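Summary of structural features
Take a look at the letters that make up each chain.
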Amino acid sequence: MRYLKLVVAIAGLLAGSAVASPANPAIGAEYVTLASPQAPQADGKKIEVIEFFMYHCPACNAIEPELAAWVKKHGDTVHFRRIHLPHGTIDPEAHLFLTLEAMGKEDALHASVMQAWHVDHHRLKDDADNLDWALKNGLDKAKFQDAYNSFGVTTKLRNLTRLANNYAVNSTPTLVIDGRYQTNPSMVETSNRGLPRDDLARASMQVVDALVAKAASEKK
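A word on the environment of Gly44. Considering the arrangement of structural elements, one finds Gly44 in the loop between strand 1 (32-33) and strand 2 (47-53). Separated by 172 residues in the primary sequence, Gly44 and Ala216 have C-alpha atoms spaced 9.6 Å apart.

This paragraph deals with the pattern of salt bridges. Counting across every chain of the model gives 14 salt bridges. Here Asp132 ties to Lys136 by a salt bridge, and the two come within 3.2 Å at their closest N and O atoms. On the criterion of helical spacing, the pair formed by Asp132 and Lys136 is a turn pair, its members being four residues apart in helix 5 (residues 127-136). Given the relative accessible area of 30%, Asp132 is considered partly exposed.

Bringing helix 7 (residues 151-166) into the picture now. The end-to-end C-alpha distance of helix 7, which contains 16 residues, comes to 22 Å, matching closely the 22 Å that a straight helix rising 1.5 Å per residue would cover. At Asn159, helix 7 shows its strongest bend, of approximately 45°. Against the buried residues of helix 7 lie strand 2, strand 3 (78-84), helix 3 (92-102) and helix 6 (141-148). After helix 7 finishes, the residue Ala168 shows a positive phi value of roughly 55°.

Here we take up the layout of surface pockets. Taken as a whole, the largest pocket holds about 530 Å³ of empty space. Forming the walls of the largest pocket are 22 residues, and the residues nearest its centre are Arg81, Arg82, Ile83, Phe97 and Glu101. Of all elements in the fold, only helix 2 (58-73), strand 3, helix 3, helix 4 (106-118) and helix 7 reach the threshold of two or more residues within the lining of the largest pocket. Here the lining of the largest pocket is built from residues that sort into ten nonpolar, three polar and nine charged. Size it by volume and the second largest pocket reaches roughly 260 Å³. What lines the second largest pocket is a set of 15 residues, and nearest its centre among them are Ala59, Ala62, Pro185, Arg197 and Leu200. Only helix 2, helix 8 (185-191) and helix 9 (200-218) provide two or more residues apiece to the lining of the second largest pocket. Of the residues that constitute the lining of the second largest pocket, the class distribution is eight nonpolar, four polar and three charged.

Taken in spatial order, the five strands line up as 1-5-4-2-3 in an open sheet, and their pairing is mixed. The open sheet terminates on both sides in strands that have one partner only, identified here as strand 1 and strand 3. Sheet topology places strand 2 next to strand 4 (residues 174-177); four bridges connect them, and they run antiparallel. Of the residues in strand 4, the one forming a bridge with Ile50 is Val176. Of the strands in this sheet, strand 2 and strand 3 are in contact with helix 3, which crosses strand 3 at around 140°.

Conventions used here
Residues numbered from 1 in each chain as written. Predicted model: local features only at pLDDT ≥ 70, side-chain atom pairs only at ≥ 80, totals over all residues. Heavy atoms only, no water. Helix = DSSP H or I, 4+ residues; strand = E, 2+ residues; numbered from the N terminus. Salt bridge = Lys/Arg side-chain N within 4 Å of Asp/Glu carboxyl O. Buried < 20%, exposed > 50% of the residue type's maximum accessible area, 1.4 Å probe, protein only. Expected span 1.5 Å × (residues − 1). Bend = angle between axes of the 7 residues up to and from the residue. Contact = heavy atoms within 4.5 Å. 1 Å grid on protein atoms, 1.4 Å probe; cavity = no way out; pocket = protein on both sides within 12 Å on 5 of 7 lines; lining within 4 Å. Points joined across faces, edges and corners; volume = space filled by probe spheres on them. Nonpolar A, V, L, I, M, F, W, Y, C, P; charged D, E, K, R; others polar. Pairing = 2+ DSSP bridges. Axes fitted to C-alpha atoms, helices over the stretch in contact; angles between N-to-C directions.

The following block contains the structure:
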């Protein structure tokens, strides 16, 4: 009898493992639910998806092509936005991100910043580096500096750590769906042993697909 129970238990575990996958993610495996859900900024017709990232993060750079294609494909149904995870209250990377966001240039120049870090190996490590990069990428010096030093940008910079804590984010890239569900490539890789490294970005977006569908169905 004890042997039979053991066989049944093992079979149950195997069955659960077979069901869980990037296309059919399991809570506690490919994703978690936030203990304190956050109100989405999207209107009721779209599902909000947030990427917490850092410009210098290799994993963020690795997922970027797949993520960008996914956002383009789902623009009609998803409200996508980025939040730069800070290194404290004084972080040149996050400061640059918030400045571009304030200028309405973040989407247009995101790929250029990533290239500076990961292709050109140009570390934007301080205010002077950020200004130099901005000028080389065609931004007006006065407008950039006005935005960079503005009350709105500096206030957001000071509040970024608290914002990240609200979403329980401590690593990048992390994706939050509808203010409730959180996933990241590390969770997907850990939960799907044997997944080829080259397939990790695609698998991560499969999890996001499933969570967006889940969030949408729960709003009906």
